[in-house]
Amino acid sequence: QVQLVESGGGLVQPGGSLRLSCAASGFTFRLYAMSWYRQAPGKEREWVAGITSSGGSTDYADSVKGRFTISRDNAKNTVYLQMNSLKPEDTAVYYCSAGRTYYSSDYWGQGTQVTVSS
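The paragraphs below set out a description of the structure included in this document. (Residues numbered from 1 in each chain as written. Predicted model: local features only at pLDDT ≥ 70, side-chain atom pairs only at ≥ 80, totals over all residues. Heavy atoms only, no water.)

A word on the pairing of strand E11 (residues 112–116). With burial as the criterion, only one face of E11 is covered, namely that bearing Thr112, Val114 and Val116; the residues Gln113 and Thr115 on the opposite face remain uncovered. Pairing geometry for strand E9 (residues 92–99) and E11, over three bridges, is antiparallel. Bridged to Tyr94 within E11 is Thr112. (Buried < 20%, exposed > 50% of the residue type's maximum accessible area, 1.4 Å probe, protein only. Helix = DSSP H or I, 4+ residues; strand = E, 2+ residues; numbered from the N terminus. Pairing = 2+ DSSP bridges.)

In structure tokens form, the structure reads like this:
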């Protein structure tokens, strides 16, 4: 049974930081590219960041470039998203996914809420 479980979301003030984690099981994690997506209320799901299976390459949406960092630890079957300089428009449910590339998804987690507000 494939599982992706996100954690680390919460409430933070503008300019603050959060670190999200996604724990994977039920598939060969080290062979999959991993990505983070987000979805705000009433909006379409948006791709945020991706990382190759080895961790050798990353890519980011223009809206988060320079503020967010994706990383992975294949020994722990875990992918991370470090979010700095958070803005109210970053408020969304954040999802991790696994796929053949970091622009496609075979598996999805159930999400973790991030709220940026003063």
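Tallied over the entire structure, the rule returns seven aromatic pairs. Where Phe27 meets Tyr107, the ring centres are 5.1 Å apart and the plane angle is 45 degrees; that geometry is what we call tilted. You can see Phe27 sitting in the loop between strand E3 (18–25) and strand E4 (33–39) and its partner Tyr107 sitting in strand E10 (residues 107–108), a full 80 residues away along the chain. Of the residues examined, Tyr107 reaches a relative accessible area of 25% and is grouped as partly exposed. We note Arg45 situated over the ring of Tyr95; from NZ or CZ to the ring centre the distance is 4.0 Å. One residue, Arg72, lies across the ring of Phe29, its end atom 4.4 Å from the ring centre. (Phe/Tyr/Trp six-rings, centres within 6.5 Å; stacked < 30°, edge-to-face > 60°. Lys NZ or Arg CZ within 6 Å of the ring centre and 35° of its normal.)

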